[in-house]
Amino acid sequence: MTQHPFGRLISAMVTPFSPDGAIDLDGAAVLAKWLVDEQGHDALVISGTGGESPTTTDAEKEQLLRAVGEAVGDRAKILAGVGTNNTAHTVELARSAEKAGAHGLLVVTPYYNKPPQSGLLKHFTTVADSVGLPVLLYDIPHRSGVPIATETLVRLAEHPNIVGVKDAKGDIAATSDVLRRTDLAFYSGEDAATLPLLAVGAAGVIGTSTHFVGPRTKEMILAYERGDVAGALALHRQMLPLYTGIFRTQGTILVKAGLRALGLPAGPVRLPLADATDAEMDQLRQDAKAAGVDL
């Protein structure tokens, strides 16, 4: 039986800012309610990389988590992105998130400093030891510089607080092996890889374009789970132009552009990101329309 500790449909929610670049807590509450109540999300990641966590302060992260938690109540789980490339800082963020009411944590592989596997093992277990919350590991080597090796994942699965992985490794054989050998719940970290990963036992997706195609993505997952493979494939193909198009430039940039087009809270991005150009917005509209979404 596939485990899905945080449901099946999750988005790494963008963080709304006001026009002057300040955090927009009221906007975050509105956006979170829309994602849960209109887009069918089972959980939201707050302050993931998609939420521009590298450019928000620790205080802003805590304020954002509390605002979103109050907005959605018990209608969805809230996961806090707490990963950094500094173990002590990650522990501080994890403890702060626990106090602020998070239901779980997303902890990305330490980036840029390229720790060895022994360092990854110690990093993740130290963070998991510091709190009483369930932890998802975020394996994204093309951005962090280091993969979490299969044997490391197998050892990490022994920790009672480490319950799953956001998988953006792009190695379906390695993922299959970990799923075969552990009880970890895997969530696709690439929108277009969701259906292929379901085929080897994944639980769902932590998505980006899912800000706009939440209900159909959840239906695709549920269709596959009930054995309607043809129906799931048809939905995958419908949404593929947006699943991939949202990443023509950095995903947060285009999600915010699309939300602004819909009149939803988003605001600008913070440097070093840059807001979508007119050409990028025109392309996003084309990709969205091809997937049946009008922006």
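Because the structure is predicted, anything quoted here is derived from the model rather than measured. (Residues numbered from 1 in each chain as written. Predicted model: local features only at pLDDT ≥ 70, side-chain atom pairs only at ≥ 80, totals over all residues. Heavy atoms only, no water.)

1. Regarding the UniProt feature "active site" (unreviewed entry) in the protein chain
Feature annotation in UniProt places "active site" (unreviewed entry) on Y138 and K166, given in this structure's numbering. Separation in sequence by 29 residues is not matched in space for these annotated residues, since their most distant C-alpha atoms are only 4.6 Å apart. Narrowing the list just given to those that line the largest pocket leaves Y138. Along the polypeptide, Y138 turns up in strand β5 (residues 135-139). With near-sequence residues (within four places) excluded, Y138 lies in contact with L106, V107, V108, T109, I148, K166 and A168. Assignment of secondary structure puts K166 in strand β6 (residues 162-167). Dropping the residues within four chain positions of it, K166 is found in contact with A12, L106, L137, Y138, D139, Y187, G189 and I206. Engagement of the side chain of K166 in a polar contact is seen with the side chain of Y138, the distance being 3.4 Å. (UniProt positions renumbered as here; feature names shortened; annotations may be inferred. 1 Å grid on protein atoms, 1.4 Å probe; cavity = no way out; pocket = protein on both sides within 12 Å on 5 of 7 lines; lining within 4 Å. Helix = DSSP H or I, 4+ residues; strand = E, 2+ residues; numbered from the N terminus. Contact = heavy atoms within 4.5 Å. Polar contact = N/O pair within 3.5 Å; in protein donor to acceptor, adjacent residues only side chain to side chain.)

2. Quick look at the packing of helix α1 (residues 25-37) against helix α2 (residues 58-72)
Where α1 contacts α2, the axes come no closer than 8 Å and their chain directions differ by 45°. Between α1 and α2, the crossing angle belongs to the class labelled oblique. The hand of the α1/α2 crossing is right-handed. In this structure, α1 contributes L25, A28, A29, A32, K33 and V36 to the contact, and α2 contributes Q63, L64, A67, V68, A71 and V72. (Axes fitted to C-alpha atoms, helices over the stretch in contact; angles between N-to-C directions. Parallel < 35°, antiparallel > 145°, perpendicular 65-115°, else oblique. Left-handed = near helix turned anticlockwise from the far one by under 90°.)

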